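Residues per chain, in single letters:
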Amino acid sequence: MNAKLAETFAAIGRPRVLVVGDLMLDRYIWGTVERISPEAPIPVLRVTEQEDRPGGAVRVAAALAALDAEVQCAGVVGDDADGSALRRLLDAAGVGAKGVLTLPGRPTTVKTRLVARVQQLFRVDREDASPVPPKAGERLLRRIWGALRGVDVVLVPDYNKGVLTPPFLDALIREARAAGKRIIVDPARGADPARYRGVTAICPNRLEAALAAGVPNESSLVDKAGRLLLRRLGLDACIITRDREGISLYRKGCKPFHVQARAHEVFDVTGAGDVVLSLLGFVLAGGGGWEEAVAIANVAGGIEVAKFGFVPLTRHEIQAELEVPAHTEATKLRSRGELATIVAKLKAQGKTVVFTNGCFDLLNANHISLFRHAKGLGDVLIVATNSDESIRRLKGPNRPILSEAERVELLSAVHHVDYVVVFPEDTPRPLLRLLQPDILVKGGDYKSKREVVGWEIVEGYGGKIARAPYSNYHSTSRIVEKVIHSHKGSER
């Protein structure tokens, strides 16, 4: 990957972004299917866990906050428990919610997905997509005016759920332009493209662009659709996402700029468009140019589709992907999407998949002993290590000692280890839920299975918890203490 692109991304500070649009809650009900209902030919989902995640415009805001942008969010929620849950998600993500308006009598938009392991069985939508009443729209706009002059860019993800009515959009576009702010829209599928006339840029996918331009949805006609939309809507730029074919950028007086998609296993496209929109805004607000923003957004979208559901990307994940184009044959690093496919194939072959996790900062004899024991319990060993940001949250600002890239390199060199995966969360629960290894192994210092994070998930789908024999080798902390002590002694 171009070194200048990585430098551009690394140099971005804390851009200020306003996200305006349809606020949604994505609810996941996880479980296992072991039988078919006697009442109807449908699977019976035995629920093991429920999880709420950001949806719609909240997804864009959360994605930006995870990149350390200063984010304000504006939209409407209902005066209900789901609205309260959505506000808690915004607060937890560090997103400003002064622009969020509560409308009594209007339900918060919730998309509930029933998932058996990683297979989505069903989705239930609870929403009122009718236009928000004009007076409520005016109240929302007044809140937006208070935030508009303090931001660098305005992002508008349109899901056609009633907030972004033509009069509302017209007022928003007019005020943003008057304030000298770029406004970028991810348009709603099938919406009248005229409602976006006057925005700085739009970023539809290929189908949305074809519908808006009135041309067939064919690869050979993408350039035509981009140029037509650029001219008809008076845009500075039109960005069209083309799935596996990458992203195309069209600007006045410029040749089309095409960037190819990176080679990733596509596991789930949920949130990919929102991630692209968030990165476009992040890079442009941070001082980058259009081509840089499109290239970086393309990389981020490729990372996102390898995850199940929306998972905010960290700066480090994107930076690492910009600096290291792809894993080589020597490394055992895989994305979670790649691993999900690999594990499914292994299980179909009757193989036993073993999993262990940890920081593995300063690889030591305790770790090697753990890996040796774990590999002896099955056919394939997956080692999951925390990202640098995750370790800093867990261990403090002075850790890790070795970077994520260095730890992956060392773990890949251990012959007991078959695959390595990095997780940005504080716990491996999302990975366990996704991969469902047959055995989860932890060190002998764990006194009981209930001390093992995620034990309930593993046993919930029929897996086992195992503990390696206790070893009395030096831990990472003891090694650090010994090195410091030895160093001080040599200075006397």
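The present account deals with the structure reproduced in this document. Please read all numbers here as calculations on a predicted model, not as lab measurements.

The next thing to look at is the overall build of the chain. Per the secondary structure count, the chain includes 17 helices and 18 strands. Compactness check: the chain gives a C-alpha radius of gyration of 24 Å against a globular reference of 23 Å for 492 residues, within 12% of the reference. Each of the three principal axes of the chain carries a C-alpha extent, and together these read 70 × 70 × 45 Å. With 492 residues in all, the chain has 54% of them scored as buried. Long-range contacts, defined as pairs at least 24 residues apart, comprise 71% of the intrachain contacts of the chain with a sequence gap of at least 6. Measuring between centres, the 68 positive side-chain charges of the chain sit 1 Å from its 58 negative side-chain charges.

Further remarks concern the packing of aromatic side chains. Two measures describe an aromatic ring pair: the distance that separates the ring centres and the angle between the ring planes. Overall, the coordinates contain three aromatic pairs when judged by the stated rule. With a centroid separation of 6.0 Å and 55° between ring planes, the pair formed by Phe-9 and Phe-282 is classed as tilted. Placement of the pair is Phe-9 in helix α1 (residues 3-10) and Phe-282 in helix α8 (residues 272-285), with a sequence separation of 273 residues. The same class applies to Phe-9 as to Phe-282, namely buried. Lying across the ring of Tyr-28, Arg-53 places its NZ or CZ 4.7 Å from the centre. The ring of Trp-30 carries the charged tip of Arg-433 above its face, separated from the ring centre by 4.9 Å.

It is worth spelling out the environment of Ala-65 at this point. Topologically, Ala-65 is positioned in helix α2 (residues 57-66). Accessibility expressed as a relative area gives 15% for Ala-65, which makes it buried. For the pair formed by Ala-65 and Leu-394, sequence separation is 329 residues and the distance between their alpha carbons is 20 Å. Ignoring any residue separated from it by four or fewer positions in sequence, one finds Ala-65 in contact with Val-71, Ala-93 and Val-95.

On to the state of the cysteines, then. Applying the stated rule across the entire model yields zero disulfides. There is no disulfide at Cys-73, and the cysteine sulfur nearest it, in Cys-203, is 16 Å away. Owing to a relative accessible area of 1%, Cys-73 belongs among the buried residues under this scheme. The cysteine Cys-203 is free of any disulfide, with Cys-238 supplying the nearest cysteine sulfur at 8.8 Å.

Quick look at unusual backbone geometry now. Most peptide bonds are trans, and most residues other than glycine sit at a negative phi. For the bond from Arg-399 to Pro-400, the omega torsion is 5°, close enough to zero to count as cis. Along the polypeptide, Pro-400 turns up in the loop between α13 (388-395) and α14 (404-412). In the Ramachandran plot, Phe-360 falls in the positive-phi region, its phi being about 55° despite a non-glycine side chain. Its location among the elements puts Phe-360 in the loop between β14 (353-358) and α12 (365-375). Classification of Phe-360 as buried rests on a relative accessible area of 6%. A positive phi angle is found at Leu-362, which is not glycine, with a value near 60°. Of note, Leu-362 is situated in the loop between β14 and α12.

Quick look at the nonpolar core now. Core analysis: the largest hydrophobic core is formed by 57 residues, its most contacted members being Leu-64, Ile-239, Leu-279, Phe-282 and Ile-318. Counting residues in each nonpolar core, the second largest holds 46 residues, with Ala-147, Leu-148, Ala-225 and Leu-230 among its members.

With respect to the helices, strands and loops of the structure, Val-259 is situated in strand β13 (residues 257-259). Residue class for Val-259 comes out buried when judged on its relative accessible area of 15%. Separated by 18 residues in sequence, Val-259 and Thr-241 place their C-alpha atoms 9.9 Å apart. Not counting chain neighbours up to four residues away, the residues in contact with Val-259 comprise Arg-242, Glu-245, Gly-246, Ile-247, Val-294, Ala-295 and Asn-298.

Reading guide: rules and limits
- Residues numbered from 1 in each chain as written.
- Predicted model: local features only at pLDDT ≥ 70, side-chain atom pairs only at ≥ 80, totals over all residues.
- Heavy atoms only, no water.
- Helix = DSSP H or I, 4+ residues; strand = E, 2+ residues; numbered from the N terminus.
- Rg over C-alpha atoms; globule rule 2.2 N^0.38 Å.
- Buried < 20%, exposed > 50% of the residue type's maximum accessible area, 1.4 Å probe, protein only.
- Contact = heavy atoms within 4.5 Å.
- Lys, Arg positive; Asp, Glu negative; His and termini not counted.
- Charge placed at Lys NZ, Arg CZ, Asp CG, Glu CD.
- Phe/Tyr/Trp six-rings, centres within 6.5 Å; stacked < 30°, edge-to-face > 60°.
- Lys NZ or Arg CZ within 6 Å of the ring centre and 35° of its normal.
- Disulfide = S-S within 2.5 Å.
- Core = buried A, V, L, I, M, F, W, Y, C linked by side-chain atoms within 4.5 Å.

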